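Given next are the chains, with one letter for each unit.
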Amino acid sequence: MRPVTTIEFSKGHGTLNDFVLVEDVEGRLDLADTDVRFLADRRAGIGGDGVIRIVPTQLAPQDVQQLNPGTRWFMDYRNADGSAAEMCGNGTRVFAHYLRTHGLETAQSYDIATRAGTKRITVLADDSYRTDLGGWRLARGDEAEQRGMDSVVQVHGFADALPALSLDLGNPHTVVALPLKVDLDALDLAQAPHVDPHPEHGTNVEFVRALEPGHISMRVHERGVGETLSCGTGAAAAALATWWWAGRPADQTSWTVDLPGGRLGVHLDAERVALSGPAAIVATGRVTLPG
Ligand SMILES: N[C@@H](CCC[C@H](N)C(=O)O)C(=O)O
């Protein structure tokens with residue numbers, strides 16, 4: 001049995017994508033998958049879609065340090081099932097809000113380290129945050145470029161296989177444009193959608209309804225979590241896919257994405273994509289990890 005470990009935590013969210021945040025300025029906290037699952041558990045633990053460890057980059061693993069030179073803080077993001085993810089868009093804003101409200105970062109614009117590389121945070125005038133998510137690409141390249149679709153998604157309780165487009169934003173996404181006859185609100189996402197071909201490392205799946213030029217609504221089933229009320233990289237992927245299907249209009253660079261948990265802004269072009277939205281810390285406390 002390991003010694004009793006009691007840690008301080010904060011609870012935060014970005015458009016109701018919620019996280020348990022753990023500050024680890026000395027880089028000593030080695031959270032096992034079971035610890036992450038416990039912290040994320042909504043009944044037995046604290047509750048969240050993910051767990052974010054806040055650690056100085058210089059105390060992060062070597063590969064993270066090499067990928068993110070010149071950054072001060074590493075967002076060590078884990079999904080609720082304990083798996084590590086490369087990126088979390090909503091998480092970057094909540095992470096930045098934590099750094100700011102705890103005096104760990106005072107600049108208005110600075111870089112943070114993630115497993116998907118360095119991301120620039122900017123604090124906006126209304127106290128929301130913008131994250132430059134950097135480069136993006138079609139995950140399956142040529143085939144998708146020509147046809148706009150590269151896979152199919154099967155949702156529980158719905159007979160038709162739905163065509164989809166795969167995007168890589170550092171983490172994987174599969175975006176489905178819903179046919180008009182399918183009601184976005186009625187989709188059963190309690191069970192994981194089946195993606196064919198199945199991506200080797202799994203994928204986040206976004207279901208999109210276009211509302212008007214530059215405006216979409218969506219729901220998401222996240223890898224390592226299940227359905228969540230918002231996903232920042234998912235919103236960016238959904239806007240990019242919709243823009244792609246619309247023929248990549250050069251003047252349609254600003255997008256509004258409505259999710260069950262709120263509204264996000266996406267700014268995109270052929271090479272880069274950025275995300276903006278709110279962040280909140282709602283509670284702090286102490287918790288003893290299971291022995
Ligand atoms: N909710 C996040 C994405 C979190 C990681 C994702 N579940 C994955 O495994 O890639 C976001 O806001 O981007």
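Residues numbered from 1 in each chain as written. Predicted model: local features only at pLDDT ≥ 70, side-chain atom pairs only at ≥ 80, totals over all residues. Heavy atoms only, no water.

Peer 1: Can you help me understand the site of the ligand in this one?
Peer 2: Around the ligand sit 15 residues in total, of which Asn-17, Gly-89, Glu-222, Gly-232 and Thr-233 are the nearest. Taking Asn-17, its side chain carries an N or O atom lying 2.7 Å from a nitrogen atom of the ligand. Within the side chain of Glu-222, an N or O atom sits 2.8 Å from a nitrogen atom of the ligand. Among the secondary structure elements, those contributing two or more residues to the shell around the ligand are β4 (73–79), α3 (89–101) and α5 (232–245). Per-domain counts for the shell around the ligand show at least three residues from each of domain 1 (6–133 + 278–288) and domain 2 (137–270). (Near = heavy atom within 4 Å. Polar contact = N/O pair within 3.5 Å; in protein donor to acceptor, adjacent residues only side chain to side chain. Helix = DSSP H or I, 4+ residues; strand = E, 2+ residues; numbered from the N terminus. Domains from an automatic or database assignment.)

Peer 1: Where do I start with the UniProt feature "active site" (unreviewed entry) in the chain in this structure?
Peer 2: In this structure's numbering, the residues bearing the UniProt feature "active site" (unreviewed entry) are Cys-88 and Cys-231. Spatially, the listed residues are clustered: although they cover 144 residues, their C-alpha atoms lie within 7.6 Å of one another. Among the structural elements, Cys-88 can be located in the loop between β4 and α3. Using a relative accessible area of 6% as the deciding quantity, one classes Cys-88 as buried. Those residues in contact with Cys-88 that lie beyond four places of it in its chain are Asn-17, Phe-19, Met-75 and Tyr-77. Following the sequence through the fold, Cys-231 ends up in the loop between β15 (226–228) and α5. (UniProt positions renumbered as here; feature names shortened; annotations may be inferred. Buried < 20%, exposed > 50% of the residue type's maximum accessible area, 1.4 Å probe, protein only. Contact = heavy atoms within 4.5 Å.)

Peer 1: Just to check I follow, could you spell out the environment of Pro-193 for this structure?
Peer 2: Position of Pro-193 among the secondary structure elements: in the loop between β11 (172–177) and β12 (194–196). A relative accessible area of 11% places Pro-193 in the buried class. Separated by 11 residues in the primary sequence, Pro-193 and Asn-204 place their C-alpha atoms 9.5 Å from one another. Here Pro-193 is in contact with Val-153, Gln-154, Val-205, Phe-207 and His-221, once residues within four sequence places are set aside.

Peer 1: I would appreciate a short explanation of the domain arrangement of the chain in the present structure.
Peer 2: By convention, interface size is frequently given as the accessible area that disappears when the constituent parts associate. Per the domain assignment, the segments of the chain are domain 1 (6–133 + 278–288) and domain 2 (137–270). Contact residues are listed per partner, giving 19 residues for domain 1 and 20 residues for domain 2. For the domain 1 and domain 2 pair, buried surface summed over both sides reaches about 1,300 Å², with 52% attributable to carbon and sulfur atoms. Summed over the shared surface of domain 1 and domain 2, the result is seven residue pairs in polar contact (both at pLDDT 80 or more). Of all the elements in the fold, those that place two or more residues in the side of domain 1 that touches domain 2 are α3 and β7 (129–135). No other element matches the three residues that α3 contributes to the side of domain 1 that touches domain 2. Taken together, the residues of the side of domain 1 that touches domain 2 break down into seven nonpolar, seven polar and five charged. (Buried area = accessible area lost by both parts, 1.4 Å probe. Nonpolar A, V, L, I, M, F, W, Y, C, P; charged D, E, K, R; others polar.)

Peer 1: Where do I start with the packing of aromatic side chains in this structure?
Peer 2: Think of a pair of aromatic rings as described by two things: how far the centres are apart, and how the planes are tilted against each other in angle. The final tally for this structure, using the stated rule, is three aromatic pairs. Their ring planes at 80 degrees and their centres at 5.9 Å tell us that Phe-19 and Tyr-77 sit as a pair that is edge-to-face. Here Tyr-77 lies in strand β4 and Phe-19 lies in strand β2 (residues 17–23), a separation of 58 residues in the sequence. Their ring planes at 80 degrees and their centres at 6.4 Å tell us that Trp-136 and Trp-243 sit as a pair that is edge-to-face. Note that Trp-136 is positioned in the loop between β7 and β8 (137–138) and Trp-243 in helix α5, a separation of 107 residues in sequence. We classify Trp-136 as buried; its relative accessible area is 9%. Among the aromatic residues, ring-to-ring pairing joins Trp-136, Trp-243 and Trp-244 into one connected group. (Phe/Tyr/Trp six-rings, centres within 6.5 Å; stacked < 30°, edge-to-face > 60°.)

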